[in-house]
Amino acid sequence: MQHQATTNFILVGVGGQGTILASDLLAQVGLDAGYDVKQAEVHGMSQRGGSVSSHVRWGPVVYSPLIAAGAADYLVAFEEVEAVRFAHFLRPGGVALVNAQAIAPITVSAGSAVYPSADYLRGELARITTDVRWVPALEIAQTLGNDKAANVVMLGALSALLEAPPWVWLK
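Note that the structure is a prediction, hence the values are computed from the model and not measured.

Below, the discussion takes up the pairing of strand E4 (residues 72-77). The buried count for E4 comes to six of six residues, which makes it a mostly enclosed element. With four bridges connecting them, strand E1 (residues 7-14) and E4 associate as parallel partners. Across the sheet, residue Val12 finds its bridge partner in E4, namely Ala77. Alignment of E4 against strand E5 (residues 90-99), held across five bridges, turns out to be parallel. If you follow Tyr74 over to E5, its bridge partner there is Val95. Each parallel crossover has a hand, and for E4 linked through helix H2 (residues 80-86) to E5 it is right-handed.

Encoded structure:
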C-alpha cells in the first residue's frame, strides 16, 4: 500500500474521558493500514479532570510525533471547551469533530469562573474552521448502555471521514 501524505490528528478532552485510549486505538489503526505512526500525549492534571491532549500522525515516513500549530487535519474533541482550547492546532480547512458535551472544570464548580455559552464556543470554532461537526457522542453512548464509550463513538464518527480501507476498522 503506497501512502502519499501525512495525516495529523489531535485528540483532546479532560481526564477520565478516554482520550489516551482513543489515541492508542487510532495509532493502531494507522499501523494496521501500513502507515508509519508517531504518537505523543500530555496528561497534565488528567486524574483531576484536567486537560488531556494527544497527537497522532500517520504517513509514509513520520519523523516527529508533535503537530505544529496550524497543521492538524483533524481535531477530535471529547469536550466542548477543550475543542476551543486546542483549535489553533487545526490547519485551514481542517475538520473539528466535537462531542457535544460540557464538563465544568473545578473553577466553574467552585463559582470562580463561568462556563462559556454554546454560542461563544461555536463562534470561536467558526473563526478557525468552517468544518465543525458536532456529535452527540455521550447521548449515543448512553443509548447503547455505556456512557464511558463516548470516546469510541467519536472514533466511529472519525472513521466515517477517513479514507482507510474498511477492513482496517474491523480488526
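A few words on the environment of Val29. As for its position among the elements, Val29 is in helix H1 (residues 19-32). Judged by its relative accessible area of 9%, Val29 is buried. In the structure, Val29 is positioned 130 residues away from Ser159 in sequence and 10.0 Å away in space, judged by C-alpha atoms.

Conventions used here
Residues numbered from 1 in each chain as written. Predicted model: local features only at pLDDT ≥ 70, side-chain atom pairs only at ≥ 80, totals over all residues. Heavy atoms only, no water. Buried < 20%, exposed > 50% of the residue type's maximum accessible area, 1.4 Å probe, protein only. Helix = DSSP H or I, 4+ residues; strand = E, 2+ residues; numbered from the N terminus. Pairing = 2+ DSSP bridges. Right-handed = clockwise from strand over helix to strand, strands pointing away.

In short, shape yes, function no, at least from these values alone.
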